[in-house]
Amino acid sequence: MASDGSKQGGGFFASIAAGWSTFGSAMSKSVNGLLGYEGLEVVNPEGSTEDAEDEARRGRWKQEERDNYWKMMQKYIGADVQSLVTLPVFISEPNSVLQRMAELMEYSHLLDLADECEDPYMRLVYASSWALSIYFAYRRAWKPFNPVLGETFEMVNHGGVTFIAEQVSHHPPMSAGHAENEHFIYDVTSKLRTKFLGNSIDVYPVGRAGRYEVDGYVYDAAEQPKILMTGKWNESMSYQPCDSEGEPLPGTELKEVWRVADAPEDDKYQYTYFTHKLNSFDTAPKKLLPSDSRLRPDRYALEKGDLSKAGSEKSRLEERQRAEKRIREAKDDMFTPKWFDLSDEVTPTPWGDLEVYRYNGKYSELRATLDNSESLGEINPETTEFNPWQYEDSAAE
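Treat the numbers as computed from the prediction; the structure is a model and nothing was measured. (Residues numbered from 1 in each chain as written. Predicted model: local features only at pLDDT ≥ 70, side-chain atom pairs only at ≥ 80, totals over all residues. Heavy atoms only, no water.)

Trainee: What is the right way to look at the overall build of the protein chain in this model?
Mentor: Secondary structure summary: the protein chain contains 11 helices and 13 strands in total. Across the 397 residues in the protein chain, those meeting the buried criterion constitute 51%. Within the structure as shown, the protein chain displays about 19,100 Å² of accessible surface, and the carbon and sulfur contribution to it stands at 47%. (Helix = DSSP H or I, 4+ residues; strand = E, 2+ residues; numbered from the N terminus. Buried < 20%, exposed > 50% of the residue type's maximum accessible area, 1.4 Å probe, protein only. Areas by Shrake-Rupley, 256 points an atom, 1.4 Å probe, with all protein chains shown as cover.)

Trainee: What is the right way to look at the nonpolar core in this model?
Mentor: One recurring pattern in soluble globular proteins is that nonpolar side chains are buried together. Counting residues in each nonpolar core, the largest one holds 42 residues, and the members touching the most others are M105, V125, W130, M155, F163, Y186 and V257. The greatest single-element share of this core, amounting to 10 residues, is contributed by helix α7 (residues 120–137). Counting residues in hydrophobic clusters, the runner-up holds 11 residues, among them I164, W339, L354 and Y363. (Core = buried A, V, L, I, M, F, W, Y, C linked by side-chain atoms within 4.5 Å.)

Trainee: Mind showing me how you'd approach the environment of N372 here?
Mentor: The residue N372 is located in the segment after α11 (362–371) in this model. On the basis of relative accessibility, which here comes to 65%, the residue N372 falls in the exposed class. Note: C-alpha distance between N372 and K286 (86 residues apart in sequence) is 9.5 Å. One polar contact links the side chain of N372 to the main-chain carbonyl oxygen of A368, over a distance of 3.0 Å. (Polar contact = N/O pair within 3.5 Å; in protein donor to acceptor, adjacent residues only side chain to side chain.)

Trainee: I'm lost on the side chain of T275 in this one. Help?
Mentor: Within the fold, T275 resides in helix α8 (residues 273–277). A distance of 3.0 Å separates the side chain of T275 from the side chain of E103, its partner in a polar contact. Once residues within four sequence positions are removed from consideration, T275 is found in contact with N95, E103, E106 and R140. (Contact = heavy atoms within 4.5 Å.)

Trainee: When you look at the sheet that holds strand β8 (residues 213–219) in this model, what are you seeing that I'm missing?
Mentor: The strands that make up a sheet are held in pairs by hydrogen bonds between backbone atoms, and each pair lies either parallel or antiparallel. Spatial ordering of the open sheet is given by β8-β9-β10-β11, a layout of 4 strands whose pairing is antiparallel. Edge positions in the open sheet fall to β8 and β11 (255–259), since each of these has one partner strand only. Taken over all neighbouring pairs, the strand axes of this sheet differ in orientation by 20° on average, direction set aside. Sheet topology places strand β9 (residues 225–232) next to strand β10 (residues 236–241); 6 bridges connect them, and they run antiparallel. Directly across from G231, in β10, lies its bridge partner M237. Contacts between α7 and the sheet are confined to β8, β9, β10 and β11, with β9 contributing the most and set at about 25° to the helix. (Pairing = 2+ DSSP bridges. Axes fitted to C-alpha atoms, helices over the stretch in contact; angles between N-to-C directions.)

Trainee: Sorry, what's going on with the packing of aromatic side chains here?
Mentor: To describe a pair of aromatic rings, you give the distance between the ring centres and the angle between the ring planes. Taken as a whole and assessed by the stated rule, the structure comprises 10 aromatic pairs. With 6.5 Å between their ring centres and 75° between their planes, F386 and W389 make a pair best called edge-to-face. Neither F386 nor W389 differs from the other in exposure class; each is buried. Ring-pair connections join several aromatic residues into one group, and the members of that group are Y135, Y212 and W233. (Phe/Tyr/Trp six-rings, centres within 6.5 Å; stacked < 30°, edge-to-face > 60°.)

Trainee: Looking at this structure, I do not really get unusual backbone geometry. What am I missing?
Mentor: Geometrically, the link from H171 to P172 is a cis peptide bond, its omega value of 0° lying close to zero. Relative to the helices and strands, P172 resides in the loop between β4 (162–169) and β5 (174–180). If you check the backbone angles, N157 has positive phi at about 60° while not being a glycine. Secondary-structure assignment places N157 in the loop between β3 (152–155) and β4. Its identity is not glycine, yet K287 carries a phi of approximately 50°, on the positive side.

Trainee: Can you help me understand helix α10 (residues 307–331) in this one?
Mentor: Side chains of residues three or four places apart in an α-helix project in the same direction, reflecting 3.6 residues per turn. The end-to-end C-alpha separation of α10 is 36 Å, in line with the 36 Å expected for 25 residues at 1.5 Å each. Along α10, the residues that are buried comprise A310, E313, K314, L317, E318, R320, Q321, A323, E324, I327 and R328. In the segment just after α10, D332 is the residue with positive phi, at about 60°. (Expected span 1.5 Å × (residues − 1).)

Trainee: Can you help me understand helix α6 (residues 109–116) in this one?
Mentor: Here α6 has its buried residues at L110, L111, D112 and A114. Buried residues along α6 sit against α7 and β11.

Trainee: How do you make sense of the pattern of salt bridges when you look at a structure like this?
Mentor: This model, assessed by the stated rule, comprises 17 salt bridges. E313 is paired through a salt bridge with R316; the nearest N and O atoms lie 2.7 Å apart. Separated by 3 residues within a single helix, E313 and R316 lie in helix α10, roughly one turn from each other. Looking at R316, the relative accessible area reads 46%, which means it is partly exposed. Beyond isolated ion pairs, a larger network of salt bridges with shared partners links E93, R100, E103 and R140. (Salt bridge = Lys/Arg side-chain N within 4 Å of Asp/Glu carboxyl O.)

Trainee: Sorry, what's going on with the environment of P173 here?
Mentor: Structurally, P173 is set in the loop between β4 and β5. Separated by 17 residues in the primary sequence, P173 and S190 place their C-alpha atoms 8.3 Å from one another.

Trainee: I'm lost on the packing of α6 against α7 in this one. Help?
Mentor: The description of two helices packed together rests on the angle between their axes and the distance between the axes. Where α6 meets α7, the closest approach of the two axes is 8 Å, and the angle between their N-to-C directions is 165°. Between α6 and α7, the crossing angle belongs to the class labelled roughly antiparallel. The two elements α6 and α7 meet at a crossing, and its hand is left-handed. For the pair α6 and α7, the contacting residues are L110, L111, L113 and A114 in the first and R123, Y126, A127, S129 and W130 in the second. Looking at side-chain class alone, the contact of α6 with α7 contains 7 nonpolar, 1 polar and 1 charged residues. (Parallel < 35°, antiparallel > 145°, perpendicular 65-115°, else oblique. Left-handed = near helix turned anticlockwise from the far one by under 90°. Nonpolar A, V, L, I, M, F, W, Y, C, P; charged D, E, K, R; others polar.)

Take a look at the structure:
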């Protein structure tokens with residue numbers, strides 16, 4: 001890491017470059033465990049192989065269900081499962097991909113500290129620690145719900161951050177997000193493609209995120225190390241001033257800069273308290289958009305433990321999305337995102353090109369109007385209809 005961006009500090013950035021590959025491998029193994037099919041490797045959601053089969057047996061699915069789903073999935077070997085197969089709800093967690101994007105803001109206070117810091121090297125310590133904290137949010141094996149085209153997620157009441165995400169494309173699945181407060185502005189475009197291989201799912205996230213251990217340095221403009229950083233992205237990160245050889249300076253000590261937040265004990269989905277709050281309306285703004293992920297009936301049913309209803313609601317939403325596509329094609333319409341615009345920028349990545357969406361500012365204008373409205377209304381996921389739809393008549397298709 002260099003204070004002027006000219007140095008990329010091998011160990012630290014090597015871990016970033018390799019990170020999503022590690023995540024994809026963990027996802028491949030974990031899907032096997034969740035399916036629990038006899039003859040496949042069974043790996044528990046935390047990535048450990050200890051007591052893995054017992055872990056699968058204690059799960060929320062029955063052997064008969066696993067066998068039936070396996071028979072169904074065999075015909076999709078080699079296919080993009082995002083496009084061609086409805087995955088069973090029992091491998092899901094009760095949030096959407098858009099909510100998982102919002103998890104990137106859990107440790108946003110590190111970006112606040114970076115902005116307030118006068119020392120350019122410590123500024124990079126804070127910013128790099130935040131970048132590493134992202135990996136922890138993506139460690140879970142449970143699959144979030146794929147957002148419906150036009151679905152959104154809003155978040156407020158967290159460190160002064162306003163966050164908005166939108167599903168901007170269905171094939172390929174792409175999401176765009178924007179976060180800001182008085183200290184920073186953060187924009188992200190996420191693209192995902194998958195391939196079902198019969199005994200695993202290969203995941204190719206087009207974006208970024210390493211193994212647990214992280215070691216690296218903050219460099220000055222002359223490419224001399226100034227601060228060493230060490231830790232594990234699933235536990236904590238620490239830093240210490242160092243000499244030009246990268247050795248700790250005498251009289252200094254290793255100081256912790258970031259630690260994973262406390263989480264409920266034995267939480268089914270390995271959620272932190274912050275992640276749980278993303279499903280609540282404590283982090284929702286006034287007059288929540290009806291397209292918000294919190295209002296998805298399948299997500300809400302799974303959160304309440306009703307797998308049967310979650311499965312039927314998921315199928316209903318997917319069928320209506322297919323109906324919307326048929327209407328759109330018949331009308332020769334194009335879907336246009338509301339809060340993000342497709343830019344001319346294309347970023348190459350190891351997994352393919354990433355088309356970049358830019359925040360257009362319209363959400364801020366709408367939110368200012370809604371927040372100044374006197375009529376607030378009460379939000380209830382059981383009575384408020386989830387509505388990301390482009391055509392009202394698609395429900396009858």
